[in-house]
Amino acid sequence: MTTKERVLAQNKVGKLTEIGRFIRDGDSVAIGGAWLSSHPMAVVRQIIRSGIRNLHVMTILGSVDIDMLVGAGCVGKVTFSFVSMEAYGLAPNFRRAVEKGGLKYDEISGLAIIIGFEATGRGVPFLPYRGPFGSDYLKQRPEFYKQITCPFTGEEMMAVPAIKPDVAIIHAQRADPAGNIQIEGTAGSDLELAKAAKRVIVTVEEIVPTDVIRENPFKTKIPRFYVDMVIEQPFGAHPTSLVPTYVADPWHMMTYMDMAATPDSFRNYLHQYVMKSEDDYLEAAGGLKQMNLLKKLAREVKSL
Amino acid sequence: MSKYSEDYTPAEMVCVAVAREIEDGDILILGSFTPLAFVSYILAKVTHAPNIMYMAYSSVDALPFQLTFATYEAAATKGGVARWNMTECIHSLYLGVGVDVEPISSIQADGYGNINISVVGDYQKPMLRGPGGAGAPEVVKMHRKMLAYFANHNKRTLVPKVDFVTGTRWKISSQERLKAGLRPGPIKLITNLAVLVKEEEGRPFRLASVHPGVAVKDVVDNTGFELDTSGDVPETERPTKEQIRILREQVDPYGMVAFDFIPGKERPAYLKSILEKELQALGY
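Residues numbered from 1 in each chain as written. Chains lettered and ligands numbered in written order. Predicted model: local features only at pLDDT ≥ 70, side-chain atom pairs only at ≥ 80, totals over all residues. Heavy atoms only, no water.

Asks: Would you take a moment to explain the packing of helix H2 (residues 41-50) of chain A against helix H3 (residues 64-71) of chain A for this structure?
Replies: In helix packing, the relevant descriptors are the interaxial angle and the interaxial distance, both defined with respect to the helix axes. Residues and elements named next belong to chain A. Interhelical geometry of H2 versus H3 gives an angle of 5° and a closest axis separation of 10 Å. Judged on the interaxial angle alone, H3 and H2 are roughly parallel. Judged by residue contacts, Met41, Val44, Arg45, Ile47 and Ile48 of H2 engage Val64, Asp65, Met68 and Leu69 from H3. Its residues assigned to classes, the contact of H2 with H3 comprises seven nonpolar, no polar and two charged. (Axes fitted to C-alpha atoms, helices over the stretch in contact; angles between N-to-C directions. Helix = DSSP H or I, 4+ residues; strand = E, 2+ residues; numbered from the N terminus. Parallel < 35°, antiparallel > 145°, perpendicular 65-115°, else oblique. Contact = heavy atoms within 4.5 Å. Nonpolar A, V, L, I, M, F, W, Y, C, P; charged D, E, K, R; others polar.)

Asks: When you look at the pairing of strand S9 (residues 146-150) of chain B in this model, what are you seeing that I'm missing?
Replies: Looking along a regular strand, one sees side chains alternate from face to face of the sheet. Residues and elements named next belong to chain B. Most of S9 is tucked away, with five of its five residues classed as buried. Alternating positions in S9 separate into two faces, Met146, Ala148 and Phe150 on one and Leu147 and Tyr149 on the other, with burial throughout. Relative to strand S12 (residues 187-191), S9 is paired through five bridges, and the arrangement is parallel. Its bridge partner being in S12, Tyr149 is matched across the sheet by Ile190. (Buried < 20%, exposed > 50% of the residue type's maximum accessible area, 1.4 Å probe, protein only. Pairing = 2+ DSSP bridges.)

Asks: When you look at the domain arrangement of chain A in this model, what are you seeing that I'm missing?
Replies: Think of interface size as the accessible area that goes away when the parts come together; that is how it is often given. Residue and element names in this part refer to chain A. According to the domain assignment, chain A contains domain 1 (15-109 + 164-237) and domain 2 (126-161). For domain 1 versus domain 2, the separation of C-alpha centres amounts to 28 Å. Each side of the interface is counted separately: domain 1 has five residues, and domain 2 has seven residues. Contact between domain 1 and domain 2 buries roughly 510 Å² in total, counting both sides, with carbon and sulfur atoms accounting for 45%. Taken as a group, Glu107, Ile108 and Ser109 account for 78% of the area that domain 1 buries against domain 2, more than any other trio of residues on that side. Along the contact surface separating domain 1 from domain 2 lie one salt bridge. On the surface where domain 1 and domain 2 come into contact, there are three residue pairs in polar contact (both at pLDDT 80 or more). (Domains from an automatic or database assignment. Buried area = accessible area lost by both parts, 1.4 Å probe. Salt bridge = Lys/Arg side-chain N within 4 Å of Asp/Glu carboxyl O. Polar contact = N/O pair within 3.5 Å; in protein donor to acceptor, adjacent residues only side chain to side chain.)

Asks: Would you explain the sheet that holds strand S5 (residues 108-110) of chain B in this entry?
Replies: Adjacent strands of a sheet pair through backbone hydrogen bonds, lying either parallel or antiparallel. On the basis of which strands lie adjacent, the open sheet formed by four strands has the order S10-S5-S6-S11 (chain B) and mixed pairing. Bordering the open sheet on either side are strand S10 (158-159) and strand S11 (167-168) of chain B, each of which pairs with just one other strand.

Asks: Which parts of the structure should I look at to understand the nonpolar core?
Replies: The nonpolar side chains of a soluble globular protein tend to be buried with one another. Residue and element names in this part refer to chain A. Grouped together as the largest cluster of nonpolar side chains are 205 residues, with contacts concentrated most on Ile23 and Met68. Mapping this core onto the domain boundaries places at least three of its residues in each of domain 1 (15-109 + 164-237) and domain 2 (126-161). For Ile23, the contacting residues outside a window of four places in its chain are Val29, Val43, Ile47, Ile52, Leu55, Val167, Ile169 and Ile201. (Core = buried A, V, L, I, M, F, W, Y, C linked by side-chain atoms within 4.5 Å.)

Asks: When you look at helix H5 (residues 110-122) of chain A in this model, what are you seeing that I'm missing?
Replies: Residues and elements named next belong to chain A. End to end, H5 covers 19 Å across 13 residues, agreeing with the expected 18 Å (1.5 Å per residue, within 8%). Taking burial as the measure, the 13 residues of H5 include 11 buried ones, the bulk of the element. Looking only at H5, the buried set comprises Gly110, Leu111, Ala112, Ile113, Ile114, Ile115, Gly116, Phe117, Glu118, Ala119 and Thr120. Of the residues trailing H5, Gly123 is marked for its positive phi of about 75°. (Expected span 1.5 Å × (residues − 1).)

Asks: Hey, could you run me through the packing of aromatic side chains in this one?
Replies: For any pair of aromatic rings, the description rests on two quantities: the centre-to-centre distance and the angle between the ring planes. If you walk through the whole model with that rule in mind, you get 23 aromatic pairs over all chains. For the ring pair A:Phe144 and A:Tyr145, a centre distance of 5.2 Å and an interplane angle of 75° mean the geometry is edge-to-face. When the ring of B:Tyr123 is compared with that of B:Phe164, the centres are 4.7 Å apart and the planes differ by 20°; the resulting orientation is stacked. Within this pair, whereas B:Tyr123 is found in the loop between strand S7 (119-121) and strand S8 (126-129), its partner B:Phe164 is found in the loop between S10 and S11, the two being separated by 41 residues in sequence. Judged on exposure class, the residue B:Tyr123 and its partner B:Phe164 are both buried. In textbook terms, an aromatic cluster arises when at least three aromatic residues are bridged by ring pairs, as seen for A:Phe80, A:Phe94, A:Tyr105, A:Tyr137, A:Phe144, A:Tyr145, B:Tyr123 and B:Phe164. (Phe/Tyr/Trp six-rings, centres within 6.5 Å; stacked < 30°, edge-to-face > 60°.)

Asks: Just checking my understanding: could you explain the confidence of the model for chain B for this structure?
Replies: Interpretation of the predicted coordinates at a detailed level should be avoided for regions scoring low in pLDDT. When pLDDT is averaged along chain B, the result is 95; 100% of the residues meet or exceed 70. Our summary of model confidence lists the complex with pTM equal to 0.97 and ipTM equal to 0.95. (pLDDT = per-residue confidence, 0-100.)

Asks: Please explain unusual backbone geometry as it appears in this structure.
Replies: Most peptide bonds adopt trans geometry, and most residues besides glycine take a negative phi value. Following A:His238, the chain continues into A:Pro239 via a peptide bond in cis, with omega recorded as 10°. The omega torsion of the bond from A:Val243 to A:Pro244 falls at 0°, within 30 degrees of zero and hence cis. For A:Pro244, the location among the structural elements is in the loop between strand S12 (229-232) and helix H9 (250-259). Residue B:Tyr57 is not a glycine yet carries a positive backbone phi of 55°. Counting through the fold element by element, B:Tyr57 comes out in the loop between strand S2 (53-56) and strand S3 (59-60). Judged by relative accessible area, B:Tyr57 falls into the buried class, the value being 12%. Positive phi is not limited to glycine here, since B:Asp61 has a value of about 60°. Along the chain, B:Asp61 turns up in the loop between S3 and helix H3 (72-78). By relative accessible area, which is 26% here, B:Asp61 ends up partly exposed.

Asks: It is not clear to me how the sheet that holds S2(B) should be interpreted in this structure. Could you clarify?
Replies: Residue and element names in this part refer to chain B. Read across the open sheet, the four strands follow the order S1-S2-S3-S4; overall the sheet is mixed. At either end of the open sheet lies a strand with only one pairing partner, and these are strand S1 (27-30) and strand S4 (82-83). Here four bridges tie S1 to S2, and the two strands are oriented parallel to one another. Bridging from a neighbouring strand, Leu28 pairs with Tyr54 of S2. Here helix H2 (residues 35-46) sits on the sheet in contact with S1 and S2, set at roughly 145° to S1. Lying on the sheet, helix H4 (residues 86-97) is in contact with S1 and S2; it crosses S1 at an angle near 135°.

Asks: What should I look at first to understand the environment of A:Val64 in this one?
Replies: All names here are of chain A. Within the element layout of this structure, Val64 appears in helix H3. For Val64, a relative accessible area of 0% translates into the label buried. Not counting residues up to four positions away in its chain, the partners in contact with Val64 are Leu36, Met41, Met85, Pro239, Thr240, Met253 and Tyr256.

Next up, the structure:
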C-alpha cells in the first residue's frame, strides 16, 4: 500500500493464513524482536506452513525465528548481526546450514544494521556513524562499510547504506483495526523495521477499538501509516517472550533444541508442532494451561 | 577473623572480580546472555555501587532483581523507570553519552585487543559458525573499559591471533583514544585463573594478578599470546564473606553465575534443575 492508502484504510484486520498477500517467494523479510524476545513466531510458522521459499531474511538479534525458517528450507540468504539460542546454545539449523550447506549470509555489526534500516526510514541513501574501525567486517563487506571524511570537521567516519526490506514482520501487545501498534516491553528496533519495509505485517495479542488505544497513546510505538495488515494472534511470540505479558517458554525451547539436533528429528518437530495450524501448535505446546503459566510468571516477578 | 571468604567457586571469584570493576555512577548494559555479567551488576548495585544504572532489554535503570532463569527479563522490565527500544539505547548510550562497562565473553581473544564471536576457521566455510557480534564491535571499542571474561583460560580461547576480528579495542593508550574521540580506559580480561590488563598499543598484556592458588606459570602456559610477568604479580583480591552471602542468598540463589563454567553438554540439565527450583520457590 502507499502511505495514503495506509492512512485511508480503516480496517487492516486479516487472518494468519492470508500472509501470502504480502509475503512472496524471494522477498527480503526483516524479522522483529531481539534475542529470545518478541519475535513474530506465528508468522514465522505460517511462512513454513504456506511453503513460502527462497526468502532473504534479515535480523538484528535473531534466535529461534531464523533457526526455524532456515531449518524448514525457507531461506536463501540471511543478513544478521547475531543469531544465537542464548542460554540454549548456538542455533543448530543455522549452524548446520552455514557449516555444511553453504548457506549465503551477510554478517553486519549490530549498530550498522540498525542504522541501515534507519537510513531507509529517513529517506537517505546512507548514514554515517563511528563504525567498527579495525574489525574484519570491513574486509568481508567492503560494499557495505565505506570510510568517509566528515565535511565539517574532517573526522573519519563509517558510512553504511540504506537497507530496504520488502516486508517487515512484527509481534506486539495490541493494535486497533487501523494498525496503530502498542508495544509495552522489549521492543528491539521494531519501529525502524516498520519504517524501512515496503510492506508491514503485525500480529498482536489483541485487537481493540481505537478508543482503547487513545486511552494510553504513549504505548503506541508504530502509528497506522506504516502498517498494511494486523492479525490477532494470542501467544504469537511463543516460544519467545512478550514481556510484560508472558515470559519465554524454557520448556518448549529445550524441546526445540533436542529436536533440532539433527535434520531428521527437526523434520519431526515441524510435523509435530508447525505444519498443521497455529491453534494446533499452541495445543501441542501445552495449551492454555502452559500459556497461563507463562503469563503468571511474567506478572509475579519482584525486585530485590 | 578475616573478612575474606575461603569458600567460593571459580565462577564466584570471576563474578566478584568483574563486580569490582564497576564503579558507583557507572552506566552499564545487559546485552546478550551473559549471566555472570548480569549477576556482577546486581551484586555491585546492592553492595558498593548503589547508584549505577543499567539498561536491560528495553528497561532503563531497573531496580536490582534476582537472577532467575525464567523470569529475569520480566523482573528487569517491571522495575525500570523507562522503556526504551534498542535504537534509543544505541544512539544515546553506545554512541552518545557512553557506556562505562559491559563485560563480554567471546570464542577467541588475542594479545592485540581483538575478539572473535563470528567463526572458527575459514570465514566462508567455517568449522564453527558462532553467533556473530551483535553490539560487541562497538562495546569493545567505544565503552570506557573493555572487559571480557572467560570461564576457561586456555590456548584455544586466548590465541596468538583471532580467526576473525569481530571487534577490536582499536585505539588502546589514553593518548590514542583521546585523539580518536574515545574515552580512555584499559582492556581487562578476567579469567578463571587471572586478570590480564593491556594499556598500550605496542606492549603485551600485563599479568595484573593471579587468583588464589594459581601460579604465574599456570597462566603463561595456558595463554596463546605473550604476557608481561615482570615484577611481583599479586594475588587477586578474594571475594569477601559478605559478597558470597549476598550472592547466594539474594542475588543468585539458583547459581546462574556458574552457567558459563558448566561444560556445554551438561548445560541443559543444569538449566532444568534451575527451572525446577525456581518454580518450587514460586509455589508451583
